[in-house]
Amino acid sequence: QKEVEQNSGPLSVPEGAIASLNCTYSDRGSQSFFWYRQYSGKSPELIMSIYSNGDKEDGRFTAQLNKASQYVSLLIRDSQPSDSATYLCAASGGYQKVTFGTGTKLQVIP
Amino acid sequence: AAGVIQSPRHLIKEKRETATLKCYPIPRHDTVYWYQQGPGQDPQFLISFYEKMQSDKGSIPDRFSAQQFSDYHSELNMSSLELGDSALYFCASSSAAGGIGANEQYFGPGTRLTVT
């Protein structure tokens, strides 16, 4: 079992809809959580970091963290075709080591 | 803003040859990480350095070695290359002075290594 689990998708949503990406982690010592966006053949781009329970909003993105349920999610509002990419969830249990999930492929249909 | 720089961007080598990948972190970042990503896979952590010392080690083959220099740039040395080493190699950097955000990692554009 991977330490960070994601549904590989693809997740297809129509343009303008809300895309909901989910992630669970197994290490209860994890303290920091990240969402990266990766376009095919490109490097991962950090889009959200979250460290405490609750919601964190940045533009069209909202990250949600529930440490009791060991669950992290990313909501993308008003999804655009340019949001089509693989989204990597990552968790860190301490200094430096970050574990990535296998990613969820998102397709936004025009 | 300055980003992580990697060179070369593309590299073609033959089996059993050696390769050296270079990484220049974001200015004032003191920690460097190396990842290997095969097609359709998530980034696999290889090794990291903090203040020129190895800080963590992942699934790095014994044929690979790495170091961080006094100017904080890092090099990944790969010897006796195998076909299975063909992958994207990413370098990422972070700043230990970032407080709770100390392990926010910023990735470079990657080096695509092809072993023939």
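Given the structure is predicted, the values throughout are model-derived calculations rather than measurements.

(A) How the structure looks around the state of the cysteines. Counted under the stated rule, the structure contains 2 disulfides over all chains. With its sulfur 2.1 Å from that of its partner, Cys23(A) forms a disulfide with Cys89(A). Across the S-S bond of Cys23(A) and Cys89(A) the torsion is about -70°, and the bridge reads as left-handed. Of this pair, Cys23(A) sits in strand β3 (residues 19-25) while Cys89(A) sits in strand β9 (residues 85-92), and the two are 66 residues apart along the sequence. Across this residue pair, the class does not change: Cys23(A) and Cys89(A) are buried. Each disulfide pairs two cysteine sulfurs, and for Cys23(B) the partner residue is Cys91(B), the sulfurs being separated by 1.7 Å.

(B) Representation of the environment of Phe61(A). All names here are of chain A. Take Phe61: it is sitting in strand β7 (residues 61-66). Sequence separation between Phe61 and Arg77 is 16 residues, and the spatial gap between their C-alpha atoms is 6.5 Å. Setting aside residues no more than four positions away along its own chain, Phe61 makes contact with Arg37, Ile47, Met48, Lys56, Leu74, Leu75, Ile76 and Arg77.

(C) Examining the layout of surface pockets more closely. Approximately 450 Å³ is the volume attributed to the largest pocket. For the largest pocket, the lining is made up of 24 residues, of which Ser40(A), Gly41(A), Gln37(B), Gly40(B) and Gln41(B) are closest to its centre. Elements that contribute at least two residues to the lining of the largest pocket include exactly β9 and β11 (104-109) of chain A together with β9 (87-94) of chain B. In terms of residue count, the dominant contributor to the lining of the largest pocket is β9(A) (3 residues). Each pocket or cavity is described by its volume, and for the second largest pocket that value is around 230 Å³. Lining the second largest pocket we find 13 residues, and of these Lys97(A), Val98(A), Thr99(A), Gln44(B) and Phe45(B) sit closest to its centre. Looking at the lining of the second largest pocket, the elements that each hand over two or more residues are β10 (98-100) of chain A together with β5 (44-50) of chain B. Residue composition of the lining of the second largest pocket, grouped by class: 4 nonpolar, 4 polar and 5 charged.

Quick notes on the rules
Residues numbered from 1 in each chain as written. Chains lettered and ligands numbered in written order. Predicted model: local features only at pLDDT ≥ 70, side-chain atom pairs only at ≥ 80, totals over all residues. Heavy atoms only, no water. Disulfide = S-S within 2.5 Å. Helix = DSSP H or I, 4+ residues; strand = E, 2+ residues; numbered from the N terminus. Buried < 20%, exposed > 50% of the residue type's maximum accessible area, 1.4 Å probe, protein only. Contact = heavy atoms within 4.5 Å. 1 Å grid on protein atoms, 1.4 Å probe; cavity = no way out; pocket = protein on both sides within 12 Å on 5 of 7 lines; lining within 4 Å. Points joined across faces, edges and corners; volume = space filled by probe spheres on them. Nonpolar A, V, L, I, M, F, W, Y, C, P; charged D, E, K, R; others polar.

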